Amino acid sequence: MNITFDSCAKRFVTRKGEFEAIRGIDLEVEEGEFLVILGPSGCGKSTLLNLAAGLEKLSRGEIRFGGEVMDSPEKRLFVPARDRNVAMVFQSYALYPHLNVFRNISFPLEVARKDKAKRSKTVIEVAGLLNISGILEHKPGELSGGQRQRVAIARALVRKPRAFLLDEPLSNLDVQLRVETRTELKRLQRKLSITTLYVTHDQTEAMTLGDRIALLKDGMLVQLGTPRQMYDAPGTPFAASFIGSPPMNLFPAAVRRAAIASGGTTLGLPPERAKVLERMRKERVLVGIRPEHLAVRREGERGLLEGVVKVVEPLGREDLLRVDTAFGELAALSSEGRFEADQKVWLSIEAQRIHFFELESSSWS
Amino acid sequence: MTKEERIKKLVVGAGAVFTLLFCLSPFFYMILTALSRHTDFLRPETHYVVTFSHIHTVLTSQSIHFPAHLRNSVVVSLASAGVAVFTASLAAYAVTRLAFPLKTFFMLFVLALSMFPEISLVGYLFTIMSGLGWINTLQTLVFPYVAWTLPLCLWILVSYFSQIPEDLDRAGLMDGCSRFGVLRKIIFPVAAPGVFSTGLLAFIVAFNEFLFALMLTTDHSARTVPVGIALFQGLHGETPWGEIMAAATVTTIPVVLVALIFQRRIMRGLTRGAVKA
Amino acid sequence: MPVKQNRSEGDRADAFGFMFPILFFMSALIMVPVLGTLADSLYRDVTYLPRKFIGLENYLALANDPAFWKSLRFTFLFVAVSVPIEVCLGLCMAMVVNEAFPFRGFVRATLLIPWAVPMAVSGRVFELIFNYSYGAANFLLHVFDLSREPVNWLGSEIGAFAALVVTDAWKTTPFAAIILLAGLSSIPGELYEQAKIDRASLVQRFFRLTLPMLKPVLIVAFLFRTIQALQIFDYIYVLTGGGPGGSTTSLSLFAYNHFASGDFGYGSAASVILFLIAMSLSTFYLAGGAVRRTL
């Protein structure tokens, strides 16, 4: 089942006045796709999810499931959550504390008045799928975070919903568990081919899990694309710095012929990049280059950028070096592991990976 | 400092003893009198003789109607507590989870109404009940008692419900429940201890109520225990203190036991209800 | 961050259903009777006479009725004497129970007993206690040699007043203690530790730390107790019946007596007066609270 968000907007009225959580979002989620809604706090991602779930009502626009209208203020149509046959996993899991695991999972089936034998069968099936067959008698209070999460997922899947909505389900898990569960989630989704909307603020999760990523900021869709697309071709400085860890280096520079310059230093550009720069017709631009595309050398050569190491942050398999250059302080990744503070180094830039953005639009597309 | 501490210990000790004596002595005096053959057992010349005859009389006498009063009280209090808790739960759910206009006004409305003196209601209430032909029935008490205990129940339940995370509601809605279904299947079970405490308090308040019962009932078919005991006069001018205290004992011992068993719950409920205001 | 104030608009229909029962009960069984009483007070409504609209005549009659003023005086005097005693004594009890000592839980539990006992019942118990011939009160006076002869509690004006204050105090002091105890236990212990380190004496700690922090709870306790005490009825009915000579007739009992003799119009007028007094106190409290909250 595909999900369509058509010019959707949501306005909240609070004591302090009106607040536009969603300002006009057009989004098409394809059948069976794992779409990640990514963005910083307050960008509206949870609201978007709640709108899809039917827990909130649109102020403007339309939401359709497979062509069927679920929410349309203009047409005065609203299908409440209980009738949409979609399932949600909450950040807090929201397991019913007074019921044991079995009854938590069978709860949606009980509400739907399915007969006992069928309920039992389905619950056991789903429990097996999520490896929680052993804890069916326990109460949520007795479970670990990871177990609780599985129970939440089982409860969501038991009704065979047509869409699967997840609101930052991994944030309450510790890092190790998070990585394991991530993989499992992806495998599960693949297996079930269920249309999935996944909300997170963690770009690593987004990159590893999503078939596509919808990047939101201040209630608007900034960019939509596959993880590769988001990484290779961010459309705005915001997208560029949000995707990829450590974040992309962004610095202003003056435009020269086939080169950029700052603080007396000029950096030449290959013809293809130079052409892009020329087309922008600006005197100053915002330049972006990811730390992983800056190689750190101990000896200087022509065409390399000179700098002094300020801070060395060991990350395990590589070090993050903060290097002071003519273009400002740049972050670079090195797996050599032999650099120290105050050391003079030379940075080799993968020119094909240089991005250019307009300087005025500091955070908007 | 130690001198001060010693004084403090002394004062606290004396205070504790005083508190105990204060709270318990009338209660024990009541029991002693109920079990004593002679009411004037405090006089030096009178011996204290234990007897259960007062209790027996009170429980079996056809003219005192004590068991009838007891039955009425229990039925009326249970019914009003039940209805009050249910009604208050619905409202508490709406107040803590739903958006509707004039919510603050409503809370103030309830608060204000809870401060109306009983005497200012009972006159017209009598007129209403006479008009309905309900004087001296059980329902004539249940309805006013429900209304009378509702503010207390509402405050307490609002404070309990507001502690239950709304994510549980959302999960219930996603799982197919209606709003009322969420209340019934999720909120009630999770808030069960709080709901129980509220019911307990409502029961005790209804049980102890006096003025409405006095005015709206006329004989043992609907009269409650407080009124029965208040009007217990005796037939020949000599006040039958033994029997009166026996009736009082039979009435209060269960209530006191319940209060003691659930004292933590009750105190929590009372302080929530009062401090909320 | 989810915005907490947002609620779906479909809530409104649900809300109506959820709120209807409570609104029904409160309106039909409290609002309507009060309005009815208000209306009744403007009529001559006596059982054996036809009902007639007389406007404010009942109130004029009240103003000229010495029994009315007597009951008003008694009610105010009663409130003025008993409420401070109860709140202060309750505070002392609360402070005692707030300390740790063996069997403290048991002592705290006994605070509930007076509250759990119906007022009418405790009224009769105290009626016996204050009995002239064999009551415990006179017995204790005799044993501790505090009085040469037994006191006629319920037969004298001052005695009856005192007996009522004691009876009321028995019921409400422990309840006040429970409320104040909750207030006390919400004062963080660290503040006392800090005060001790700062070499504050016991008395100083009480006046500079305990009292100010308890102020909101104390005010609530005072106000609520006052409003309740104004309405006192139950044990006056049982203990003194309003006597001797109508000297202990509270405003409630005054109104009730007229109801009992079938004069609903006049009784209603008296109860309206009580209502106005109680309401002005409540408004005073609510207004004060609202002002404080906006500051």
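Heads up: the structure comes first, above all this text.
Overview of the structure. No experiment lies behind these values; they were computed from the predicted model shown. (Residues numbered from 1 in each chain as written. Chains lettered and ligands numbered in written order. Predicted model: local features only at pLDDT ≥ 70, side-chain atom pairs only at ≥ 80, totals over all residues.)

Re the overall build of chain B
The line we're drawing: Numbering of helices and strands runs from the N terminus, with a helix taken as a DSSP run of H or I at least four residues long and a strand as a DSSP run of E at least two residues long. Any residue with 12 or fewer other C-beta atoms within 10 Å of its own C-beta is exposed, any with 20 or more is buried, and the rest are partly exposed; the C-beta atoms used are placed from the backbone. For every residue pair, C-beta atoms are placed from the backbone, and the pair is scored as a contact if these atoms sit within 7 Å.
Scanning chain B from terminus to terminus reveals 13 helices and zero strands. When the helices and strands of chain B are read in sequence order from the N terminus, they spell out α-α-α-α-α-α-α-α-α-α-α-α-α. Projected onto its principal axes, the C-alpha coordinates of chain B cover approximately 75 × 70 × 35 Å. When each of the 277 residues of chain B is scored for burial, the buried share is 52%. Long-range pairs, those at least 24 residues apart, make up 77% of the contacts in chain B with a sequence separation of at least 6.

Looking at the nonpolar core
Selection rule: To count as a nonpolar core, a set of buried Ala, Val, Leu, Ile, Met, Phe, Trp, Tyr and Cys residues must be joined through C-beta atoms within 7 Å.
Judged by nonpolar contacts, the single largest core of 267 residues is most densely connected at Ile37(A) and Leu165(A). Among all residues touching Leu165(A), those that are not within four sequence positions of it are Leu49(A), Ala52(A), Ala53(A), Val86(A), Ala87(A), Met88(A) and Leu197(A).

Observations regarding the interface of chain B and chain C
Our working rule: Residues are grouped as follows: Ala, Val, Leu, Ile, Met, Phe, Trp, Tyr, Cys and Pro are nonpolar; Asp, Glu, Lys and Arg are charged; all remaining types, including Gly, are polar.
In this assembly, 76 residues from chain B lie in contact with 77 residues from chain C. Here the side of chain B that touches chain C gets 15 residues from one element, more than from any other, and that element is helix α1 (residues 2-35) of chain B. Taken together, the residues that form the side of chain B that touches chain C break down as 56 nonpolar, 14 polar and six charged.

Let's talk about the sheet that holds strand β16 (residues 294-297) of chain A
All names here are of chain A. Cut-off, in case you're wondering: In this analysis, strands are considered paired if DSSP registers two or more bridges between them. Axes here mean lines fitted to C-alpha atoms, for a helix over just the part in contact, with angles spanning 0 to 180 degrees between N-to-C directions.
Taken in spatial order, the five strands line up as β16-β20-β17-β18-β19 in an open sheet, and their pairing is antiparallel. The open sheet terminates on both sides in strands that have one partner only, identified here as β16 and β19 (328-334). With direction set aside, neighbouring strand axes in the sheet form an average angle of 45 degrees.

Quick notes on the sheet that holds strand β8 (residues 163-167) of chain A
Residue and element names in this part refer to chain A. Pairing within the open sheet is mixed, and its six strands lie in the order β7-β8-β9-β3-β10-β11. Both outer strands of the open sheet, β7 (86-89) and β11 (220-225), are each paired with one neighbouring strand and no more. Neighbouring strand axes in the sheet, compared pairwise and without regard to direction, differ in orientation by 20 degrees on average. Across five bridges, β8 lies against strand β9 (residues 195-200) in parallel orientation. Within β9, the position partnered with Ala 163 by the bridge is Thr 195.

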